[in-house]
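# Results of the structural survey
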Amino acid sequence: MGIGRKVYLVSVKLTQMTACAQDVKATIQDGGVEVLQDPITALNAIFLHCLKSMPSRVAIKNSVYDVNQQGYALPGNPSLRLWKGTRAKITPTGGFDITVRVIRKHEVIIPGGCNLITFIGENHRNIRMNNNILRDNDRKTLSTFLKGLKVTPTYANYPRKLTVKCISTDDSFSTIESPERITIKNYLEDKYTGCRVTKPKLNCAELTNRNKIPLELLNVFPNQSYYKDIDAKLQRDVIRNACMKPYELKTAISEEHRTVRDSLKHTLASQLGISVDSIPITVKGTVLQQPRFRGNNITDGQFRLRSIERSPQIIRLKVICLVNRERYSRRTHDRLSQAFMSKSQEMGINIDGNIELAYCNIRNLGSHLSQDHLNLIIDQNLDYGRIKLEESAQEVKTQCLDWLTVERIITGKTDWNTLANILLKMNVKCGGLNWTLECPNLPSTIFSEPVMILGADVTHFNDGRPSIASVVASCSKSFVGAGSDFLTEISVQYPKENRKAIEHIIDMKNIVTKLLREFLRRTGYKPGKLIYYRDGVSMGQFETVVLEELYSIQEACTSLETNYEPKISVVVCTKRHEQRFMKKEKDDKFGNPSPGTVVCDGVTAPNYENFYLFSQKGIQGTSIPCHYYVIYDDSKFSANFWHTFTYYLCLTYARCAKAVSYPSPVYYAHLACASARARFIQKYKGHNWSQGKKLSVSQVTEAIEPRNRNFMFYV
């Protein structure tokens, strides 16, 4: 038997489902806390099976696509297509029992089917794929490009799906039949009739099963999802071509609904008596009263900020230019300085008129950073991770500016909105307060004692790299300000053995203890209430992830003081859902619900206090509301409080004078994770995590956590 072949003993056990759809309906109607998942999973599997059984259909990530569609060719990516498909998901709801959410999905696809060498030639034309060993730089480039690509060998008697790991440096390996090292060319040609290798010197593809196969004997597996992270440019192209206005989406969903109904004519669905109603669900929404800003009502979730609330005594700027002097000349610097001074005076931000200028490259950036200034870094190819590592090492404050942003400010008609947003970020980093809200709709008794609002998020890697968690907490007696009074803690955690990632924050007790002590040091009080917003947790993880972190928060409080038991509330927020809403009557060119619209019955989950909230103004495509679940609440706040309080938090995001899609503490946690992630990628570039070379948690945390955390470094 040849190397790579394994014998598996498989046992099949027929199990009986312990519940059916009628049991799910009974649980919903009885108000049960836990909805039975077995029948929901079974129904979703039946829907997916019926959909992909239709002619010319293929299932990708639980959605079904027509393989005959041409798709949209993404500019600059000849091997990629944007496909549209169908997703049908069974969801239990409080008002309509079991509902079917039908949605149009878009996916970046590699149609494939071509030879791997042809695929490489389409994407890397400068790499010559002749009968020679690749140069080391070309081999590394292709290894990075092809890692994760699904391929199938041309000599196999049946289609096999294999995954590329890298491009090998060796074309020989041992077999059981022959203990001496023989070439892959000789081995394959002897073993498989008709197999011929015409480029024996060309490097092989090393697969995840440790086999090595010549590139010319591999075809790209057809109709696979794009296996790489989508960069910013590609993401813009995808969004631009996939987004649809609400009434366009409604038409598209009607088309997909017909596809779902046709698929249910399948024998399995008809035998089970499964059918789908064709009438869309109508629910009632409530538009919250807007808060006030300096005596004026906020309109459509945004307001005009003419001047900021509070500026530091003085902000000294130093421009450090990483582009050449011909592009950023002294004259260009004077124009940029004049624009900054003009707008800062209008907004009431105190900036020193003497803006220094220094030229350098990324390698000697650290020697030009100043602790006495806010360092404005201008770069053409913004190396964010490296800049932020230098910021941490030198314990300075930096503000990155992409060259395209600089051009918008200094070329032609000045982009004052962009400049204003940059100044808002700079003001907060230097300890200022951008604005405060007047909130007459919130009971004053709720904030009769200090309140700490926390936001948390976790970002994950693959291939053995650790996850990064961030927790952000407010540190003032009032929550209604968009200012610099937020504390931040970063934590690193490895997944458990044989698991890709671990979702709950392991070091939560230690993190919250640090935040509580700093809150006490700055304000002189311990918070009487803790309101915790958590992102990135699915409903199936509520019992394990959220309650685990809740217990850690409670432990942190008692570790601070034995009898210290503040009231704790936990809210999970997510936008990863298929629920879409549109106004019944179109009253503007978009048709999205107005900012502050709440849907709290009908299609909400049956087992928790939960609601959908549209906080942002939809200006492109169909708005996706954030879905909030109140998991735990010692304070017994009313539903109206949660709607209003959460919406007002979305209006306190310091980087722009409008409501955003998440509460600001959660958004700040996102940004802190992204900043730490950039530091991590830059710091450990080239480290081989897949070989089990783990570094200690303390070592990684020390490397990526900013030394100076007395300011909002991530804004």
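Look a little higher up for the structure.
The following refers to the structure shown. (Residues numbered from 1 in each chain as written. Predicted model: local features only at pLDDT ≥ 70, side-chain atom pairs only at ≥ 80, totals over all residues. Heavy atoms only, no water.)

### Observations concerning the nonpolar core
- Core analysis: the largest hydrophobic core is formed by 96 residues, its most contacted members being Y328, Y533, W642 and Y714.
- Those residues in contact with Y328 that lie beyond four places of it in its chain are V319, C321, V323, H333, L336, L357, Y359, I378, W403 and V406.
- The next biggest cluster of nonpolar side chains, apart from the first, holds 39 residues, and it includes L116, C204, A205 and V220. (Core = buried A, V, L, I, M, F, W, Y, C linked by side-chain atoms within 4.5 Å. Buried < 20%, exposed > 50% of the residue type's maximum accessible area, 1.4 Å probe, protein only. Contact = heavy atoms within 4.5 Å.)

### Considerations on a nonpolar patch on the surface
- A contiguous nonpolar surface patch, about 430 Å² in accessible area, is contributed by Y8, V10 and V12.
- Within the element layout of this structure, V10 appears in the segment before α1 (21-29).
- Given a relative accessible area of 67%, V10 falls into the exposed group. (Patch = residues over 30% accessible without salt bridge, like charges linked within 9 Å, V, L, I, M, F, W, Y side chains within 5 Å. Areas by Shrake-Rupley, 256 points an atom, 1.4 Å probe, with all protein chains shown as cover. Salt bridge = Lys/Arg side-chain N within 4 Å of Asp/Glu carboxyl O. Helix = DSSP H or I, 4+ residues; strand = E, 2+ residues; numbered from the N terminus.)

### Describing the packing of aromatic side chains
- A full pass over the atoms with the stated rule returns 26 aromatic pairs.
- Between the aromatic rings of F293 and F303, the centroid separation amounts to 4.5 Å while the plane-to-plane angle is 35 degrees, which identifies the pairing as tilted. With a gap of 10 residues between them, F293 in strand β15 (residues 292-293) and F303 in the loop between β16 (296-297) and β17 (317-321) connect regions that are remote in the sequence. Accessibility classification places F293 together with F303 in one group, the buried group.
- Judged by centre distance (5.2 Å) and plane angle (20 degrees), the ring pair of F611 and Y628 falls under stacked. One end of the pair, F611, is in strand β29 (residues 609-614); the other, Y628, is in strand β30 (residues 626-633), and 17 residues separate them in sequence.
- Under the relative-accessibility criterion, F611 is labelled buried at 0%.
- Taken together, the ring pairs in this structure connect F486, Y653, Y662, Y667, Y668, F711, F713 and Y714 into an aromatic cluster. (Phe/Tyr/Trp six-rings, centres within 6.5 Å; stacked < 30°, edge-to-face > 60°.)

### Comments concerning empty space enclosed by the protein
- All chains considered together, the criterion is met by 3 cavities of 30 Å³ or more.
- Here the second largest cavity defines a volume of roughly 40 Å³.
- Lining the second largest cavity we find E391, S392, E395, V396, R679, P706, N708, F711 and F713.
- Among the residues forming the lining of the second largest cavity, the class breakdown is 4 nonpolar, 2 polar and 3 charged. (1 Å grid on protein atoms, 1.4 Å probe; cavity = no way out; pocket = protein on both sides within 12 Å on 5 of 7 lines; lining within 4 Å. Points joined across faces, edges and corners; volume = space filled by probe spheres on them. Nonpolar A, V, L, I, M, F, W, Y, C, P; charged D, E, K, R; others polar.)

### Some remarks on the sheet that holds strand β28 (residues 597-599)
- Pairing within the open sheet is mixed, and its 9 strands lie in the order β14-β28-β29-β30-β27-β26-β22-β23-β25. The sheet terminates laterally at β14 (286-287) and β25 (486-493), the two strands that pair on one side only.
- In this structure, β29 lies alongside β30, joined through 5 bridges in antiparallel fashion. Within β30, the position partnered with F611 by the bridge is Y628.
- In the packing of helix α17 (residues 697-704) onto the sheet, contacts are made with β23 (467-474) and β25, and the angle to β25 comes to roughly 140 degrees. (Pairing = 2+ DSSP bridges. Axes fitted to C-alpha atoms, helices over the stretch in contact; angles between N-to-C directions.)

### Here we look at the pairing of β17
- Within β17, 5 of the 5 residues are buried, which leaves the element mostly enclosed by the surrounding structure.
- Along β17, one buried face is formed by L317, V319 and C321 and the opposite face, lined by K318 and I320, is buried too.
- Pairing between β17 and strand β19 (residues 374-379): 5 bridges, direction parallel. Looking across to β19, one finds that V319 is bridged to L376.
- Sheet analysis places β17 next to strand β18 (residues 356-359), joined by 4 bridges and oriented parallel. Its bridge partner lying in β18, V319 is registered against L357.
- A crossover connection joins β17 to the parallel β18 through helix α9 (residues 330-347); in handedness this β-α-β unit is right-handed. (Right-handed = clockwise from strand over helix to strand, strands pointing away.)

### As for the pattern of salt bridges
- With the rule as written, the count across this model stands at 26 salt bridges.
- Between E489 and K514 there is a salt bridge, with its nearest N and O atoms 4.0 Å apart. Placement of E489 in strand β25 and of K514 in helix α13 (residues 508-523) is noted, with a sequence separation of 25 residues between them.
- What makes K514 partly exposed here is its relative accessible area of 39%.

### Brief notes about the packing of helix α16 (residues 664-683) against α17
- Where α16 contacts α17, the axes come no closer than 9 Å and their chain directions differ by 110 degrees. Accordingly, the angle class assigned to the pair α16 and α17 is roughly perpendicular. Taken together, the residues of α17 that come into contact with α16 (itself represented by A676, R679, F680 and K683) are V700, A703 and I704.
- Partitioned by chemical class, the residues of the contact of α16 with α17 number 5 nonpolar, no polar and 2 charged. (Parallel < 35°, antiparallel > 145°, perpendicular 65-115°, else oblique.)

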